[in-house]
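Secondary and tertiary structure notes
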Amino acid sequence: MQKYLLKHTQITNQHISRSLFTSLCCLLLFLTGCSDMAAANPSGTSSQAAVAKGNENTYESTLEQQRLSKVKALISGMSLDEKLGQLIIVEYLYSNYASTELPAMIAQHVGGYLYQAANHNFDPPFNTIDAAKQVGNLANKDARIPLLIAVDQEGGLVNKIATFFGDAPAAADLTATGDPNKAMEAGRVAAKHLQQLGINTNLAPVVDVQTVTPPLLQSRIFGSDGDTVATYAGAFLNGVQKNNIIGCLKHFPGLGSLTSADDPHDTLPVVSSSMDTLQKYDLAPYKKLIATQKPAMIMSTDVVTTAIDPDMPAELSPKAIDGVLRKQLGYTGVVITDGLYMGGIINHWTLGEAAVLSIIAGNDLIEGPTTASEVAEVVQAFKDAIQNGRLSEQRIDESLQRILLLKMQYGIIKA
């Protein structure tokens, strides 16, 4: 029995040894194969990244579909007056919310409002952060659909919140540093300041390309070539939007070739550049940033750009907005007009007619009314345009969907 056990143990040990040896050989072969595969495919990490990116894209697509479903459900429950109001961004005069016309305009379902220091919105005692934020809180309490609360915060000459936070660098100053990170930091700081004030939309940065001296926009311009402007404006935009503030490229299709004699506040300027020149300069930043940065908004402006449309200002021109901006450049986001009260517009069209033409052209938001009567004028003009076939409710819904999706994307409307 002892001999049997001894022999059995020897056999078993030999078997284990052979098995262990075989397993080790297999493991070595497997590892060698993996090494060979890695050598043959050094992008293994890239493959993992591609899978992760695919998963991220799937998640984003699902999230977008969920938002779209919620927005469509919201639209289906809205009256025509509510729909039309959402297409309007207003301004208001003076500072004390209750004694301004802002509550009456919010009752007309407007989509949001724009702070202007020139309108005395930040006069004492509303020149403190807490007091200014309280205006937005009161406004949203009265609004059925949460509001776009906007300001032009570029820095430099257009520093609309200087009352609260002091100086901010101009676009030209940021480019002069030679460091796009400085522009991104300026955007981040602006976003943080706006958040403290309860503002969710920054109508900046400027992406006009300077081609004359001295330029109309002076130090508000980042540079004199499309790549420089796209680089620094894109960095500023990133700083704004990555901190959950809506950003806006302006002024489409471009004011960089205008001098101080061509101020749209007073007149309707004409840009006579060829299409080749527009593509090289004015349109170049839009083309690049639309493809890479996902600008939440783009602002159209009142300038006749003859190579695009010799007859109509760009913000009222289907050739400029639907044609160039949407079809050629592929922009699918929200387009907002410049102030429709500017001399270049109001000297030629009524506010109501300009608003109708803006929506026909492909804009989504019209900016400019300052009183409840002006809001009523615009809403009635929209209704008349629907009645006579110039506008359709389907066209209104297209803009409304873009606006509400933007509000949901930035957490203004809770998803």
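About the criteria used
- For every chain, the first residue of the written sequence is number 1, and numbering continues from 1 onward in sequence order.
- A pLDDT threshold of at least 70 governs which residues receive local features in this predicted model, and a stricter bar of 80 or more applies before side-chain atom pairs are shown or counted, although totals over entire chains, interfaces and linings include all residues.
- Hydrogens and water molecules were not included; the side-chain quantities draw on all heavy atoms of the structure.
- UniProt positions are given in the numbering used here, feature names are shortened, and annotations may be inferred rather than shown by experiment.
- Segments assigned H or I by DSSP are reported as helices when at least four residues long, segments assigned E as strands when at least two residues long, and all are numbered from the N terminus.
- We call two residues in contact whenever any of their non-hydrogen atoms come within 4.5 Å of each other.
- Areas reported here follow the Shrake-Rupley algorithm with a probe of radius 1.4 Å; residue values treat only the protein chains shown as occluding.
- When DSSP finds at least two bridges between two strands, those strands are taken to pair.
- Pairing of N or O atoms within 3.5 Å defines a polar contact, subject to two protein rules: one partner must be a possible hydrogen donor and the other a possible acceptor, and residues neighboring in sequence count only if both atoms are side-chain atoms.
- The span you would expect from a helix comes to 1.5 Å times its residue count less one.
- To sort residues, take the accessible area from a 1.4 Å probe on protein chains only and compare it with the maximum for the residue type: under 20% means buried, over 50% means exposed, and anything in between is partly exposed.
- Relevant arc is that of directions from the helix axis to the C-beta atoms, nothing else.
- Between 30 and 60 degrees the pair is tilted, below 30 it is stacked and above 60 it is edge-to-face, where a pair is any two Phe, Tyr or Trp rings, Trp via its six-membered ring, whose centres lie within 6.5 Å.

Per an unreviewed UniProt entry, the protein carries the name beta-N-acetylhexosaminidase and comes from Ktedonobacter racemifer DSM 44963. Taken verbatim from the UniProt record of the protein, the Sequence similarities (unreviewed entry) comment is "Belongs to the glycosyl hydrolase 3 family." Turning to the protein, the UniProt annotation filed under Catalytic activity (unreviewed entry) states: "Hydrolysis of terminal non-reducing N-acetyl-D-hexosamine residues in N-acetyl-beta-D-hexosaminides."

The helix and strand inventory of the protein stands at 16 helices and twelve strands. Counted over contacts in the protein with a minimum sequence separation of 6, partners at least 24 positions apart contribute 77%. Of the accessible surface of the protein, which amounts to about 19,200 Å², a share of 55% is contributed by carbon and sulfur atoms.

Let us now look at the sheet that holds strand S7 (residues 248-252). With parallel pairing, eight strands are arranged side by side in an open sheet as S6-S3-S2-S1-S12-S11-S9-S7. Of all the strands in the sheet, the pair left with one neighbour each is strand S6 (201-202) and S7.

In this section: the side chain of Glu154. Relative to the helices and strands, Glu154 is located in strand S4 (residues 153-155). A distance of 2.9 Å separates polar atoms of two side chains, one belonging to Glu154 and the other to Lys250. Contacts of Glu154, omitting those with residues within four sequence positions, involve Pro169, Ala204, Val206, Arg220, Phe236 and Lys250.

As a further point, take helix H8 (residues 180-197). Here H8 contains 18 residues, and its C-alpha end-to-end distance of 26 Å stays within 8% of the 26 Å for a straight helix at 1.5 Å per residue. Put simply, Asp179 is the residue that caps the front of H8, since its side-chain oxygen is 3.0 Å from the backbone nitrogen of Asn181. One or two positions beyond H8, positive phi appears at Gly198, with a value near 80°.

This part is about helix H11 (residues 284-292). Of the positions making up H11, those classed as buried are Pro285, Tyr286, Leu289 and Ile290. Viewed along the axis of H11, the buried residues span an arc of 120°, placing them on a single side of the element. Exposed side chains of H11 directed beyond 90 degrees from the buried face belong to Lys287, Ala291 and Thr292. Those residues of H11 that are buried lie in contact with helix H9 (226-241), S7, strand S9 (297-300) and helix H12 (319-328).

This part takes up the side chain of Arg67. Among the secondary structure elements, Arg67 is positioned in helix H2 (residues 44-76). Here Arg67 falls in the buried class, since its relative accessible area comes to 16%. Apart from the residues within four sequence positions on either side, Arg67 is in contact with Leu405, Met408 and Gln409.

Tallied over the entire structure, the rule returns seven aromatic pairs. For the pair Tyr92 and Tyr115, a centre-to-centre distance of 6.3 Å together with 65° between the ring planes defines the contact as edge-to-face. You can see Tyr92 sitting in the loop between strand S1 (88-90) and helix H4 (102-107) and its partner Tyr115 sitting in the loop between strand S2 (112-114) and helix H5 (129-142), a full 23 residues away along the chain. Across the pair, Tyr115 and Tyr92 agree in class, each one buried. Residues Phe164 and Phe165 carry aromatic rings whose centres are separated by 6.3 Å and whose planes lie at 50° to one another, so their mutual orientation is tilted. In textbook terms, an aromatic cluster arises when at least three aromatic residues are bridged by ring pairs, as seen for Tyr92, Tyr113, Tyr115, Phe122, Phe164 and Phe165.

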